[in-house]
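Read off the chains here:
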Amino acid sequence: MNIRTLGLSGLDRDEETLFRQLFDAVREPGWALASETDAGVLLIDFDSMYGQMTWLRAQGGPRPIVALTAGARADASMVLKRPVSEKALRDLLRKLVNQVPAEAVADASDESDHVAGVTDPALGTVPRAVEAVPEAAIAVMPEAPPAPLQRTLLDFLRPGVLSGPASLRDAQPGLVVDVASGHYLGGSALKPLAALCARALDDDDWQMLSASEYAALRAQSGEAQPLNRLIWLAGLHGFDGQLCPDLTDALRFKLAKWPVSEREYPRQFRIATALFKQLCSVEEMAAASGASASEVADYINACHALGIIEVERPAPPKPDAPVATPRGGLLGRFRRG
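Starting afresh in each chain, residues are numbered from 1 along the sequence in its written order. Given that this is a predicted model, residues contribute local features only at a pLDDT of at least 70 and side-chain atom pairs are listed and counted only at 80 or more, while totals for whole chains, interfaces and linings are drawn from all residues. Excluding hydrogens and water, the side-chain figures rest on all heavy atoms present in the structure.

Caption draft 1: Summary view of the nonpolar core. Membership of the largest hydrophobic core comes to 49 residues, with the highest contact counts inside it found for Leu-153, Trp-206, Leu-230, Trp-232 and Phe-253. Looking at this core, the elements that each hand over two or more residues are α5 (153–156), β9 (166–168), α6 (194–197), α8 (227–237), β14 (252–255), α9 (268–277), α10 (282–289) and α11 (293–306). Strands here mean DSSP runs of E at least two residues long; helices mean DSSP runs of H or I at least four residues long; both are numbered from the N terminus. Broken down by element, this core gets its largest block of residues, 7 residues, from α8. Two residues form a contact once any of their heavy atoms are found within 4.5 Å. Here Phe-253 is in contact with Leu-243, Leu-247, Leu-275, Gln-278, Leu-279, Cys-280, Val-282, Met-285, Ile-300, Ile-309, Glu-310 and Val-311, once residues within four sequence places are set aside. For this analysis, a nonpolar core means a set of buried residues of the types Ala, Val, Leu, Ile, Met, Phe, Trp, Tyr and Cys, connected via side-chain atoms within 4.5 Å. Any residue under 20% of the maximum accessible area for its type is buried, any over 50% is exposed, and the rest in between are partly exposed; the area is computed with a 1.4 Å probe on protein chains only. With 20 residues, the next largest nonpolar core counts Leu-8, Phe-23, Leu-68 and Met-78 among its residues.

Caption draft 2: Representation of unusual backbone geometry in the model. Of the consecutive residues Arg-82 and Pro-83, the connecting peptide bond is found in the cis state with omega at -5 degrees. Looking at where Pro-83 falls in the secondary structure, it is placed in the loop between β5 (79–81) and α3 (86–96). In this structure, Pro-173 follows Gln-172 across a cis peptide bond, with omega equal to 0 degrees. Within the fold, Pro-173 resides in the loop between β9 and β10 (176–178). The backbone phi angle of Arg-27 is positive, close to 50 degrees, even though this residue is not glycine. Here Arg-27 lies in the loop between α1 (13–26) and β2 (31–34). At Asp-170, a position not held by glycine, the phi torsion is positive, near 55 degrees. Take Asp-170: its relative accessible area is 72%, and that puts it in the exposed class.

Caption draft 3: Region of the structure containing the packing of aromatic side chains. Two rings belonging to Phe, Tyr or Trp (six-membered ring only in the last case) form a pair when the distance between their centres is within 6.5 Å. Interplanar angles under 30 degrees mark stacking, angles over 60 mark edge-to-face geometry, and anything in between is tilted. Across all of its chains, the model carries 5 aromatic pairs by this definition. Measuring from ring centre to ring centre gives 5.7 Å for Trp-258 and Phe-269, while their planes differ by 65 degrees; the resulting arrangement is edge-to-face. You can see Trp-258 sitting in the loop between β14 and α9 and its partner Phe-269 sitting in helix α9, a full 11 residues away along the chain. Assessed through its relative accessible area of 33%, Trp-258 is described here as partly exposed. Residue classification places Phe-269 among the partly exposed residues on the basis of a relative accessible area of 48%. Between Trp-258 and Phe-276, the aromatic rings sit 5.5 Å apart at their centres with planes inclined by 80 degrees, giving edge-to-face as the arrangement. Placement of Trp-258 in the loop between β14 and α9 and of Phe-276 in helix α9 is noted, with a sequence separation of 18 residues between them. Look at Phe-276 and you get partly exposed, because its relative accessible area is 36%. Here a set of aromatic residues connected by ring pairs shows up, and it is made of Trp-232, Tyr-265 and Tyr-299.

See the structure below:
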């Protein structure tokens, strides 16, 4: 049989396990995972230091390269965005079919080990000796289902994820988003929506709306709100006091522009003031603002979701320097189409 192979590079152990589970769930015909050195196409974690070094070495090579990233910094012709969904991975594999040569692999059903006996000129066909196997050992255990890839509201506010206006099912209060127009319906207050930002969501949690249905809801609900307010809130409450995966390797931060202040979050004015002055670490910002490190991390995530944070990252190691083992990765929350 002929197969095409995909290799993984730069992912930490837990994230690689999640990706393998996702790959098994997709079950795209004619594809298999292979080692980094033998694969026909290489998927590199662009967000890790090791991955970026591998990326530099792999440029100009004979095989296609795919950048796995949660950000928009990868200068690559093929990008797989975090959080990775089954649909995104399936679309990528189908796109790569014409770029990756298939390799001939022997089918296990053709192997000689499956011959029932050995022919001897003098004795005829002699059955092979078969070791007795307990019946319980023969039973095939069902495969455990892949771990769900958690996604939150922020993931669904990215362009192209929802195909049109959509209503979040069972949301209290009700929430309707229209990413294409840059608006949402859910009232002017933000704090009532905070609990929705940390909730694990899937495609089935959304009900797609026609243009007329959305127009009717918009007329009933009053003024639509700018989507950026909801994106900011989703970043603020989506990571439980920890820096989001795209910022885990960042050293210091600074506001690139002053955000719109939300009256419901007055404490964050002091964080914004410290963040606007100069590049600071989370700890330095907490000391300057009087906020906790988790509050600072949440605020950085919120501003990063809007794209208004400048980030200082570690300088890449010199090519002749030993490469450090990556500390962690991020499928994402392969969080969670």
